[in-house]
Amino acid sequence: MPTIHHLEVRPSLPPTLANLSELAGNLHYSRSRAVRDLFDAIDADTWAQVEGNPIRFLQLVPQARLDEAAGDSAFLAELAAAWRDFEVHCADDRADAIGPAFDSQETVAYFCAEFGFHESLPIYSGGLGILAGDHCKAASDLGVPLVGVGLLYRQGYFQQCIDAQGRQHPRFEDLDFSHLPIRLAMREGAPTQVKVEYPGRVVTAQVWEARIGRVRVYLLDTDVTDNAAADREITRRLYGGDRRRRLEQEMLLGLGGVRALRTLGITPSAWHINEGHAAFSILERVRELTADGLPFEPALNAVAASTLFTTHTPVPAGHDTFAPSLVEAHFESQLEALGIEAPELLALGADPAHDGKHFNMTALALRGSRQHNGVSRVHGEVAAQMSQAFWPEVPTEENPLSHVTNGVHVETFLNRDLTRLFDATRRDWRDHLHEAAIGEMAGKIEAGRLWSMHLSAKTHLVSDLKARLQRQSERFGEGHVRLKQRCRVLDKPVDEFLMVGFARRFATYKRATLLFRDRERLARLIETSPRPVVFVFAGKAHPADEPGQALLQTIHELSLEQRFAGHVLLIEGYDMGLARRLVAGSDVWLNTPEFPMEASGTSGQKAGINGVLNLSVADGWWAEGHDHQQGVANGWSIAPTPEATDRDDREANDLLTLLETEVIPLFDRREAAGGSDTKGLPSDWIAWQRHAIATILPRFNASRMVRDYAEHHYRRAIDAHRLLAQDDYRAARERADFERDLVTHWGGVGVKVLRTPESIMDQGESLSIEIETTSPGLPPHSLRCEAVLSEGGSRRVVVGELVESLDGQAWGRHRIALPADLAGEVDYRLRVVPTHETLLHPYELGRMLWL
Ligand SMILES: *Cc1c(COP(=O)(O)O)cnc(C)c1O
């Protein structure tokens, strides 16, 4: 056999199309349909072949098609319009929606182990990565000066293949980086490299740059020839390999990430650690300061002040931990520069709630940040509970772990017709996403129009699903009859059948098979439903997660049973492209997590902004997103029963009951009479869809989320750090001293109530409580007295004042003036807490003495 040589001859871009190359190299295309449509218009076949990758498109498209487009004035006009939008979006002098929140010197670094912008850059596994991608897009929209830091994985996560027996086969293929929308990050004309010390060797990483509008994300990659073969594989796979490999990756992200920014001349003033994977960045930043002569504790204080940590994992097993010996071996060479010994290093990663046998990345992140948050109200409460041992004397509901509810990048996930309609109604709608007016705009969409837009998205989805089913079926070697059976619902008119979508990672707590708990009942429901129902499932299970893979197999097997054939579909290869279509074209979005394990569940938000109705356990974002007004709601909630031993049965039962008695009847109801324009429409259903868009879009979008982070957390981090860093870190040193004194002397604080009001009193009388404190070793003004009032069901904290003190005798007298508006029966408790001018949260020192 003669060898076959492969040659790829790439076309050259005609000068009039030159801007296409920049548009292909900026992930702006992931949110702009106008840009993606340009490639489709040039050559739909090549565009389909490259699966939405514009860089690859420009490498493979026939020269003739480019030449044709270059001479087509209509096309050139489209290109010019898309280019203008892009330029306006990226312009330096654009009036930033966020206002003057940041000055030109300020930058926010955003670290994450995965980023999901678009399916053409497959370095994400699920919700965390897509959230990070959406965060960058919204930062670009708002003008928040953000830079991202992550890793570039040679094989990404994995591609999913499901065989005829329903077994998942992960496919790992090397990505060719020249096919991706990234470039080497250059500094003074040379590619950027960083070095990270590992036991016995130094590893080099090169730094890539991805552009998302005006935001830059730097991605580290160890697959360079300087490195030993094993080290070239550090960045081979996202969430692949053993614990040692994971530790190597996280060191690269944390240490290498900070060094990459320094090498590029970027000096962030606030640092956002998105999930614990990147927490080693704290140690690297502390090391920078200790290398400059600052002692360890003040250095940690200064670093923590400028750091925000977002946790995403209510599942204890989901928190990254390492064997202490492994961490010690990997950081041995850093200890001297950090100015600490191994036990102190390990103490930073100790989880006080557990045995201390693990080095816990969440614990490190909590100790190295002063602001911490969960990603929904429910999750914030769970996270506060989980980390309550970090502030052992503070009641959980008052500890410093707050929440910022996630949101999704609207333009990325909004269907084509709604985008067009919004563009036509209000050109600048993208800049006003957090305003009520946006909800009102959605609330006014005329019924017939909304329904036809929905059906168009649904039609698009159905044809995509059929094509995928056909490919799957061909691979299984199935006959034509089988495929026809699989498509027996999808082949019906789209307004006739109800499509329920379920797509997400197949982690067991998400309970993908809850729907099938009572199969007989489900079969009956399907058989007797007045409208055909189809349930579409998609999602990947982690290759090491056997139970997750078993769920996939169960659904596959059910989909083959005669009674479920065509009504239950399992689609392989879930990615952002499929997600975008599913959340736009389904009628109902199903989510059945085990409460309270769903931190947020952003796919339901993507569905909601498209008018797809959520049917979900009231967990994550949905617990605050479900809305009901005068018979019109934005979806349905399954009440969680976490305490019940038969919770799965109960919740599955509720799910089927809701489907049977509410979802299907609402969908089934059509206008019998009325004008010709409403006849046959499911008017009630459409009213719910409209309500879903109007209530979900303005609240659960990424602009609102990034605005919350920027205006509250980033701003405070920058200001707090500035305060601590002044005069050679004077305040950071003082605070570190204070914390040390607190450890020694808090136990010696004495408190005495000098005066309390009469137990019965007239309204309006001014009352105060006086308290005396003695605090050897702690200055009197470092204590604050508080009264916690409960009136009826509500609580109020009243803060006292130090009115007299004798520093030498560590004595103080405090007065708490009770508010004049008290009425009825009031209970109160008194307490003393330590305070310091550098606090970002009143109870972050974790101490509280109740009287
Ligand atoms: C939005 C999204 C997710 C997150 O889904 P959850 O609702 O959080 O489970 C996962 N994967 C993809 C591809 C997505 O687009």
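All values reported here derive from a predicted model rather than from experimental measurement.

## Focus: the overall build of the chain
Part 1 of the argument: Secondary structure summary: the chain contains 28 helices and 32 strands in total.
Part 2 of the argument: Here the chain has a C-alpha radius of gyration of 29 Å; the compact-globule value for 851 residues is 29 Å, and the two agree.
Part 3 of the argument: Expressed as lengths along the three principal axes of its C-alpha atoms, the size of the chain is roughly 90 × 70 × 50 Å.
Part 4 of the argument: Within the chain, the proportion of its 851 residues that are buried is 59%.
Part 5 of the argument: When contacts within the chain are restricted to residue pairs at least 6 apart in sequence, long-range pairs at least 24 apart make up 72% of them.
Part 6 of the argument: On the chain, roughly 33900 Å² of surface is accessible, and the fraction owed to carbon and sulfur atoms is 49%.
Part 7 of the argument: Looking at the chain, you have 91 positive and 119 negative side-chain charges, and the mean spots of the two groups are 4 Å apart.

## Details of the site of the ligand
Part 1 of the argument: Taken together, 13 residues are adjacent to the ligand, and Ile130, Arg504, Lys510, Ser603 and Lys606 come closest.
Part 2 of the argument: Taking Arg504, its side chain carries an N or O atom lying 3.4 Å from an oxygen atom of the ligand.
Part 3 of the argument: Here Ser603 contributes a side-chain N or O atom positioned 2.5 Å from an oxygen atom of the ligand.
Part 4 of the argument: In isolation the ligand has 390 Å² of accessible area, and contact with the protein removes 96% of it.
Part 5 of the argument: Those elements giving two or more residues to the shell around the ligand turn out to be helix H7 (127–142), helix H23 (576–585) and helix H24 (603–609).
Part 6 of the argument: Of the residues belonging to the shell around the ligand, the class tally is four nonpolar, five polar and four charged.

## Looking at the domain arrangement of the chain
Part 1 of the argument: As assigned here, the chain comprises domain 1 (15–90), domain 2 (118–239), domain 3 (269–409 + 701–744), domain 4 (496–696) and domain 5 (749–850).
Part 2 of the argument: A separation of 37 Å is found between the C-alpha centroids of domain 3 and domain 4.
Part 3 of the argument: On the side of domain 4, 16 residues touch domain 3, which itself brings 13 residues to the contact.
Part 4 of the argument: In total, domain 3 and domain 4 occlude about 1100 Å² of area from one another, counting both sides; carbon and sulfur atoms represent 67% of this.
Part 5 of the argument: For the pair domain 3 and domain 4, the number of links is zero salt bridges.
Part 6 of the argument: For the pair domain 3 and domain 4, the interface holds five residue pairs in polar contact (both at pLDDT 80 or more).
Part 7 of the argument: Its residues placed into classes, the side of domain 3 that touches domain 4 shows six nonpolar, six polar and one charged.

## Some words on the sheet that holds strand S26 (residues 767–774)
Part 1 of the argument: Taking strand neighbours across the sheet as the criterion, the four strands line up as S25-S26-S30-S29 in an open arrangement whose pairing is antiparallel. Of all strands in the sheet, those with a lone pairing partner are strand S25 (750–755) and strand S29 (801–806), marking the two edges. With direction set aside, neighbouring strand axes in the sheet form an average angle of 25°.
Part 2 of the argument: In terms of strand pairing, S26 meets strand S30 (residues 811–818) through eight bridges, oriented antiparallel. Paired with Leu767 across the two strands is Leu818, which belongs to S30.

## Let's talk about helix H22 (residues 546–560)
Part 1 of the argument: End to end, H22 covers 21 Å across 15 residues, agreeing with the expected 21 Å (1.5 Å per residue, within 8%).
Part 2 of the argument: Every buried residue belonging to H22 is among Gly548, Gln549, Leu551, Leu552, Ile555, His556, Leu558 and Ser559, and all of these are buried.
Part 3 of the argument: Where H22 begins, the side chain of Asp545 points an oxygen toward the backbone nitrogen of Gly548, at a separation of 3.0 Å.

## Here we look at the state of the cysteines
Part 1 of the argument: This structure, assessed with the given rule, holds zero disulfides.
Part 2 of the argument: Of all cysteine sulfurs, the one in Cys136 lies closest to Cys90, which takes part in no disulfide; the gap is 14 Å.
Part 3 of the argument: No disulfide involves Cys487; its nearest neighbouring cysteine sulfur is the one of Cys161, lying 18 Å away.

## Structural notes on unusual backbone geometry
Part 1 of the argument: The linkage connecting Phe595 with the following residue, Pro596, adopts the cis geometry, with an omega of -5°.
Part 2 of the argument: With respect to the helices and strands, Pro596 occurs in the loop between strand S20 (588–591) and H24.
Part 3 of the argument: A positive phi angle, near 45°, is found at Arg511, a position not held by glycine.
Part 4 of the argument: Its location among the elements puts Arg511 in the loop between strand S17 (498–503) and helix H21 (519–528).
Part 5 of the argument: Classification of Arg511 by relative accessible area gives buried; the value is 6%.

## With respect to the nonpolar core
Part 1 of the argument: Among the nonpolar cores identified, the biggest contains 145 residues, and Phe115, Val144, Phe280 and Tyr714 are the most heavily contacted of them.
Part 2 of the argument: Of all the elements, helix H28 (residues 702–745) adds the most residues to this core, at 13 residues.
Part 3 of the argument: Grouped together as the second largest cluster of nonpolar side chains are 97 residues, Phe422, Ala523, Tyr574 and Leu697 included.

## Here we look at the sheet that holds strand S32 (residues 849–850)
Two strands in a sheet stick together by hydrogen bonds in their backbones, pointing the same way (parallel) or opposite ways (antiparallel).
Part 1 of the argument: Spatially, four strands are ordered S28-S27-S31-S32 in an open sheet, and the strand pairing comes out antiparallel. Both edges of this open sheet fall to strand S28 (794–799) and S32, since each of them pairs with a single strand only.

## Things to note about H7
Part 1 of the argument: Across its 16 residues, H7 extends 22 Å between first and last C-alpha, which sits within 8% of the 22 Å expected from 1.5 Å per residue.
Part 2 of the argument: Note on H7: the residue one or two positions beyond its end, Gly143, has a positive phi of about 85°.

## Thoughts on the pairing of strand S12 (residues 307–310)
Part 1 of the argument: The alternating pattern of S12 places Thr307 and Phe309 and Leu308 and Thr310 on opposite faces, both of which are buried.
Part 2 of the argument: Sheet topology note: the strand S11 (residues 270–274)/S12 ladder contains four bridges and is parallel. Of the residues in S12, the one forming a bridge with His272 is Leu308.

## Quick look at the environment of Gly611
Part 1 of the argument: Structurally, Gly611 is set in the loop between H24 and strand S21 (613–617).
Part 2 of the argument: When the C-alpha atoms of Gly611 and Ile686 are compared, they prove to be 8.4 Å apart, with 75 residues separating the residues in sequence.
Part 3 of the argument: Excluding its chain neighbours within four sequence positions, the residues that come into contact with Gly611 are Gln689, Ala692 and Ile693.

## Focus: the packing of aromatic side chains
Part 1 of the argument: Under the counting rule described, the total for this entry stands at 25 aromatic pairs.
Part 2 of the argument: An angle of 75° between the planes, with centres 6.2 Å apart, marks the rings of Phe516 and Phe564 as edge-to-face. A residue pair is termed long-range when its members are at least 10 positions apart, and Phe516 in the loop between S17 and H21 and Phe564 in the loop between H22 and strand S19 (568–571) qualify at 48 residues.
Part 3 of the argument: Residues Trp621 and Phe700 carry aromatic rings whose centres are separated by 4.8 Å and whose planes lie at 70° to one another, so their mutual orientation is edge-to-face. Pair noted here: Trp621 is in the loop between S21 and helix H25 (622–625) and Phe700 is in the loop between helix H27 (683–696) and H28, with a separation of 79 residues, a long-range link.

## Overview of the packing of helix H17 (residues 416–425) against helix H19 (residues 447–476)
Part 1 of the argument: In contact at an axis separation of 8 Å, H17 and H19 are set at 140° when each is read in the N-to-C sense. By the angle between their axes, H17 is oblique relative to H19. Together, Asp417, Leu418 and Leu421 of H17 and Arg449, Leu450, Met453 and Ser456 of H19 make up the contact between the two elements.
Part 2 of the argument: The residue makeup of the contact of H17 with H19, split by class, is four nonpolar, one polar and two charged.

## Things to note about the pairing of S26
Part 1 of the argument: S26 sits mainly inside the fold: seven of its eight residues count as buried.
Part 2 of the argument: As paired strands, S25 and S26 are joined by five bridges and run antiparallel to one another. Paired with Val753 across the strands is Ile771, a residue of S26.

## Points about the side chain of Asn301
Part 1 of the argument: Here Asn301 is to be found in helix H11 (residues 296–305).
Part 2 of the argument: In this structure the side chain of Asn301 is engaged in a polar contact, spanning 2.9 Å, whose partner is the side chain of Arg370.
Part 3 of the argument: Beyond its immediate chain neighbours, meaning those up to four positions away, Asn301 contacts Arg370, Leu724, Ala732, Arg735, Ala736 and Glu739.

The rules behind these values
Residues numbered from 1 in each chain as written. Predicted model: local features only at pLDDT ≥ 70, side-chain atom pairs only at ≥ 80, totals over all residues. Heavy atoms only, no water. Helix = DSSP H or I, 4+ residues; strand = E, 2+ residues; numbered from the N terminus. Rg over C-alpha atoms; globule rule 2.2 N^0.38 Å. Buried < 20%, exposed > 50% of the residue type's maximum accessible area, 1.4 Å probe, protein only. Contact = heavy atoms within 4.5 Å. Areas by Shrake-Rupley, 256 points an atom, 1.4 Å probe, with all protein chains shown as cover. Lys, Arg positive; Asp, Glu negative; His and termini not counted. Charge placed at Lys NZ, Arg CZ, Asp CG, Glu CD. Near = heavy atom within 4 Å. Polar contact = N/O pair within 3.5 Å; in protein donor to acceptor, adjacent residues only side chain to side chain. Nonpolar A, V, L, I, M, F, W, Y, C, P; charged D, E, K, R; others polar. Domains from an automatic or database assignment. Buried area = accessible area lost by both parts, 1.4 Å probe. Salt bridge = Lys/Arg side-chain N within 4 Å of Asp/Glu carboxyl O. Pairing = 2+ DSSP bridges. Axes fitted to C-alpha atoms, helices over the stretch in contact; angles between N-to-C directions. Expected span 1.5 Å × (residues − 1). Disulfide = S-S within 2.5 Å. Core = buried A, V, L, I, M, F, W, Y, C linked by side-chain atoms within 4.5 Å. Phe/Tyr/Trp six-rings, centres within 6.5 Å; stacked < 30°, edge-to-face > 60°. Parallel < 35°, antiparallel > 145°, perpendicular 65-115°, else oblique.

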